[in-house]
Amino acid sequence: MKESHDENYKHRDLDWLNFNKRVLQEAQDRVNPLYERIKFLAIFSSNLDEYFRVRVSQLRQIKKVEKSLRKKLVFKPNKKVKQILTKVKTMQADFGEVFHDEIIPDLAQNGIFLLNEKDYNPKQTNEAKLLFQNVLKPKLVAQIISFNEEKPVFLENDTIYFFVNFKGDNNAGLVNIPFPDFGRFYVFNDKSKGYYITFIDDIIRLKMNEVFPGEQIEGIYEIKMSRDAELYIEDKYDGELAEKIYDSLAQRTNGQPTRLLYDATIPQKPLKALRKHLQLGKVDLMPGGRYHNFSDFFDFPIPENKLNLKKEKLKPLKHKAFLNQEDYFKVVQNKDVLVHFPYMDFTVVEEFLEQAAQDQSVTDIKISLYRVADESKLTSSLIKAIKNGITVTVFIEAKARFDEENNIIWGRKFEKLGAKVIYSYPKIKVHSKVFLINRIENGEKCRYAYIGTGNFNSETSKIYCDHGIFTAQEKATKELDRLFKVLEGELIIPRANHLLISPFNTRRTFTQLILQEIDNARAGNEAKIEAKLNSLEDQEIINLLYRASQSGVKVRLLVRGFTCLRAGVKGLSENIYITSILDNYLEHGRIYVFHNNGNPKMYMGSADWMERNLDRRIEVLLPIIDASIFKELREILNLQFQDNQKARIQDYLEDNRYVTRDRGEKPIRSQVEIYAYLKEKHKA
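Residues numbered from 1 in each chain as written. Predicted model: local features only at pLDDT ≥ 70, side-chain atom pairs only at ≥ 80, totals over all residues. Heavy atoms only, no water.

K.L.:
Run through the overall build of the protein chain, naming residues and quoting values.
P.N.:
On a plain count of helices and strands, the protein chain comes out with 20 helices and 26 strands. The C-alpha radius of gyration of the protein chain comes to 27 Å, within 12% of the 26 Å expected for a compact globule of 684 residues. By principal-axis analysis of the C-alpha atoms, the protein chain measures approximately 85 × 60 × 60 Å. Counting every position in the protein chain, which comprises 684 residues, the buried fraction comes to 58%. Residue pairs at least 24 apart in sequence account for 74% of intrachain contacts in the protein chain once pairs closer than 6 positions are excluded. Of the roughly 30300 Å² of accessible surface on the protein chain, a fraction of 47% belongs to carbon and sulfur atoms. Distance from the positive charge centre (107 side chains) to the negative charge centre (96 side chains) of the protein chain: 3 Å. (Helix = DSSP H or I, 4+ residues; strand = E, 2+ residues; numbered from the N terminus. Rg over C-alpha atoms; globule rule 2.2 N^0.38 Å. Buried < 20%, exposed > 50% of the residue type's maximum accessible area, 1.4 Å probe, protein only. Contact = heavy atoms within 4.5 Å. Areas by Shrake-Rupley, 256 points an atom, 1.4 Å probe, with all protein chains shown as cover. Lys, Arg positive; Asp, Glu negative; His and termini not counted. Charge placed at Lys NZ, Arg CZ, Asp CG, Glu CD.)

K.L.:
Go over the packing of aromatic side chains with me, naming the residues and quoting the values.
P.N.:
Going through the model one piece at a time under the given rule, you end up with 41 aromatic pairs. With a centroid separation of 5.3 Å and an interplanar angle of 70°, the aromatic rings of Y120 and F188 are classed as edge-to-face. Of this pair, Y120 sits in the loop between β1 (112–115) and α5 (122–136) while F188 sits in the loop between β5 (185–187) and β6 (195–199), and the two are 68 residues apart along the sequence. Each member of the pair Y120 and F188 is classed as buried. Three or more aromatic residues joined by ring pairs make a cluster, and in this case those are Y35, F44, F95, F99, F185, F199, Y291, F294, F297 and F300. If you follow R439 out to its NZ or CZ, it ends over the ring of F329, 4.4 Å from the centre. (Phe/Tyr/Trp six-rings, centres within 6.5 Å; stacked < 30°, edge-to-face > 60°. Lys NZ or Arg CZ within 6 Å of the ring centre and 35° of its normal.)

K.L.:
Any chance you could break down empty space enclosed by the protein for me, citing the residues and the numbers?
P.N.:
Left-over empty space is what a probe sized like a water molecule reveals as it rolls over the atoms. For the coordinates displayed, the defined rule picks out 3 cavities of 30 Å³ or more. By volume, the largest cavity amounts to about 90 Å³. F341, G454, N455, S461 and D466 are the residues nearest the centre of the largest cavity, which is lined by 14 residues in total. The set of elements that each furnish at least two residues to the lining of the largest cavity consists of β16 (444–452) and β17 (464–471). Considering each element in turn, the lining of the largest cavity owes the most residues, 3 residues, to β17. Classifying every residue of the lining of the largest cavity by side-chain character gives 4 nonpolar, 9 polar and 1 charged. In this structure, the second largest cavity spans a volume of roughly 40 Å³. Lining the second largest cavity are H340, Y343, C465, H467, K532, E587, I636, Q640 and I674. Of all the elements in the fold, those that place two or more residues in the lining of the second largest cavity are β17 and α19 (627–641). (1 Å grid on protein atoms, 1.4 Å probe; cavity = no way out; pocket = protein on both sides within 12 Å on 5 of 7 lines; lining within 4 Å. Points joined across faces, edges and corners; volume = space filled by probe spheres on them. Nonpolar A, V, L, I, M, F, W, Y, C, P; charged D, E, K, R; others polar.)

K.L.:
Hey, could you go over the side chain of D538 for me, with residue numbers and the actual values?
P.N.:
Relative to the elements of secondary structure, D538 occurs in the loop between β19 (528–533) and α17 (539–550). Judged by its relative accessible area of 3%, D538 is buried. Of the polar contacts made by the side chain of D538, one reaches the side chain of R507; its length is 2.7 Å. Apart from residues no more than four positions distant in its own chain, D538 is found in contact with R507, W609, M610, E611 and L614. (Polar contact = N/O pair within 3.5 Å; in protein donor to acceptor, adjacent residues only side chain to side chain.)

K.L.:
Could you give an account of the pairing of strand β20 (residues 554–559), naming the residues involved and the relevant values?
P.N.:
For β20, the tally of buried residues reaches 5 of 6 residues, placing the bulk of the element in the interior. Two elements, β19 and β20, share 6 bridges in a ladder whose sense is parallel. What sits directly across from K532, in β20, is L558. In this fold, β19 hands off to α17, which returns the chain to β20; that crossover is right-handed. Pairing geometry for β20 and strand β21 (residues 576–581), over 4 bridges, is parallel. Bridged to R556 within β21 is Y577. (Pairing = 2+ DSSP bridges. Right-handed = clockwise from strand over helix to strand, strands pointing away.)

K.L.:
Can you lay out the environment of K87 for me, pointing to particular residues and giving the numbers?
P.N.:
Relative to the helices and strands, K87 resides in helix α4 (residues 77–109). When neighbours within four sequence positions are excluded, K87 is seen to be in contact with L14, L17, N18 and E654.

K.L.:
Go over the environment of V362 with me, naming the residues and quoting the values.
P.N.:
Summarising the element assignment, V362 is placed in strand β11 (residues 362–369). The sequence separation of V362 and F297 amounts to 65 residues, and the corresponding C-alpha distance is 46 Å. Not counting residues within four places of it along the chain, the set of residues in contact with V362 comprises F329, A356, I390, I437, N438 and R439.

K.L.:
How would you sum up the pairing of β19? Please name residues and give values.
P.N.:
Across the 6 residues of β19, 5 count as buried, placing the element largely inside the fold. Sheet topology note: the β19/strand β23 (residues 591–594) ladder contains 4 bridges and is antiparallel. If you follow A531 over to β23, its bridge partner there is Y592.

K.L.:
I'd like a description of the layout of surface pockets, backed by residues and values.
P.N.:
A volume near 380 Å³ is recorded for the second largest pocket. Forming the walls of the second largest pocket are 20 residues, and the residues nearest its centre are H498, L513, K601, Y603 and P623. At the level of secondary structure, the elements contributing two or more residues to the lining of the second largest pocket comprise α16 (506–522) and β24 (601–605). For the lining of the second largest pocket, the element with the highest residue contribution is α16, accounting for 5 residues. Split by residue class, the lining of the second largest pocket holds 10 nonpolar, 8 polar and 2 charged.

K.L.:
Before we move on, could you go through the sheet that holds β1 and cite the residues and values that matter?
P.N.:
Sheet architecture is open: 3 strands sit in the order β1-β6-β5, paired in mixed fashion. Where the open sheet ends on each side, the last strands, each with one partner, are β1 and β5. For this sheet the average axis-to-axis angle between neighbouring strands, irrespective of direction, equals 30°. Where β1 and β6 come together, 4 bridges link them in parallel fashion. Each bridged residue has a counterpart across the sheet, and for L114 the counterpart in β6 is I197. (Axes fitted to C-alpha atoms, helices over the stretch in contact; angles between N-to-C directions.)

K.L.:
Account for α17, naming residues and giving values.
P.N.:
Taking 1.5 Å as the rise per residue, α17 with 12 residues should run 16 Å; its terminal C-alpha atoms sit 16 Å apart, in good agreement. For α17, every residue scored as buried is listed here: I541, I542, L544, L545, Y546, A548 and S549. Of the surrounding elements, those touching the buried residues of α17 are α16, β19, β20, β21 and α18 (611–615). One side-chain oxygen of the residue at the start of α17 lies 3.2 Å from the amide nitrogen of E540, identifying that residue as D538. Among the residues trailing α17, G552 stands out with phi positive, at a value near 100°. (Expected span 1.5 Å × (residues − 1).)

K.L.:
Account for helix α1 (residues 12–28), with residues named and values stated.
P.N.:
Taking 1.5 Å per residue, 17 residues should reach 24 Å; α1 reaches 24 Å between its end C-alpha atoms and fits that length. For α1, a buried count of 15 out of 17 residues is recorded, marking the element as mostly surrounded by other parts of the structure.

K.L.:
Describe unusual backbone geometry, naming the residues involved and giving the relevant values.
P.N.:
Cis geometry is found at the peptide bond from F341 to P342, where omega equals 5°. Mapped onto the elements of the fold, P342 is located in the loop between β10 (337–341) and α12 (347–358). In this structure, P503 follows S502 across a cis peptide bond, with omega equal to 5°. Within the element layout of this structure, P503 appears in the loop between β18 (500–502) and α16. The residue Q279 is not glycine, and still its phi comes out positive at about 60°. Relative to the elements of secondary structure, Q279 occurs in the loop between α10 (268–277) and β9 (285–288). Relative accessible area serves as the criterion here: at 57%, Q279 is assigned to the exposed category. Positive phi outside glycine occurs at N324, with the angle close to 55°. When you line up the elements, N324 lands in the loop between β9 and α11 (328–334).

Geometry only, nothing functional implied.
Here it is, written out as structure tokens:
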């Protein structure tokens, strides 16, 4: 998407902060169990770290572009960075307020106490001193910073340090905060009158005089550096791209600084000295609280007798079609099967591949892997298939951010065992979530496919709301086979007329479908566009949606993350209504519905309405032609459109206000309602 100052488009990076604000709202919502609220604080912190490493970093890279070219882009990165920092500071103030004024007191009411070193009683102090001496001290790396030296000390990415202010102006101390086997938190042994937890940070604070003996310590403050996470691979692709990526991973640790997070209580004089020593600008500094890396609160300890403070886990459902069935191929041959995660058990995907791996009639398995899980049933099944003589082709996306190393390691494992492994192409990602199985039945080749919205990853399937379809449809499987031939280098174009396959026909098809709704509205017919997606950024699609709104088309969208479209603006987008749902699970599915003059068309798959998903990634969307599957997805979509508990309105006001229900209207929390709906539908 071309950057624009046009008031008709929201800047994606600023609107992403609105998404993270919705995460913070979940931490503020007392309807959520206490430990869920703590989890949302951890998610907020983790999201923000990645945001600075990726998005803010990218804005800084643009600053290096020649000024004359930046003028042509009509884009001022410095201005955007300042707007971002202003928004982030406000959100971090809200974060601190929630943590200190609500979470800490609520923990105490439940007999759980988070102590700092000043709160320890004599017994706890002795226990802390022993832990420091025996466990923490051997892991500390302490050094003296000389502010007179030209060469700055190097701060590793996302590592927490103590900046220790000594008396005098020339020197300061720096010491890492290590992570022992038990993690960031330590639970004191005496639990007779409560459950007492401390940061290991505070145990180190307690004994800092031993770390820097002979120094007069005036203050101890946490700091953390975030560094550029992008891998800038040369455009000269000599040799394997995967090898280049693997060799470049160290860039992440040594990348350019994007943010120094510091304890806001550091006095100005030592802070200025530190900033100059690290060769940072004022814009690189971000004030924070006493503690950093709140993502560590994912593992915040909980007493065994307080598990009610966590959310009750939903028991994943079994799909009715596969219950007590030994032959999954026969089930899918008879009828397409729709599955939903995390409401349903992901093992259904693993079991299908497990059956294929042991089936003598299966000749080959082809699969695209975007984020490979660590050792899992799925990877074990693929290995088993290779060992059983089945031809296995694995497309590994080597450019899946933060998963590159794991993906490449798994690619090498598969390759070593005899699989055909294909890695990324230089300028295109494979983001589709598909597999294809070829099987000989009665002397003829039959194809079976899975097309989904989520990665083949059993861990993320527990927290991401996704949909998937098992199918033996001839049109779909034939075109998917062609796509794999494209990935294998046997074809240049997959010639898809049924599936939507980016970057070949997805944009063209969506454009035609939106234009058809515009024509229907202008002819006086009912016209509607409904969609559920992660992000909406593509300017061409947004302009078409504006045209649709102005023509009288009713556009109803559910956008989980950021949207660059300004909804609800009179004369521009008054017929566009967008909500976003954030709840126990992360909405990740993509469904598109076009009214089509009473003969609706629906698509489900991996692509968002973003330029990259339409033009620079391999994506697959399946048209929904099975009436019962269409109805099921339609009803799930309707429940989400009706959500009046966890839905927020996304319009030009950008205030994340909740959808309110009318008097007497039934409260609908869509994720809870969807689980109940599926449980009833698939009961034995």
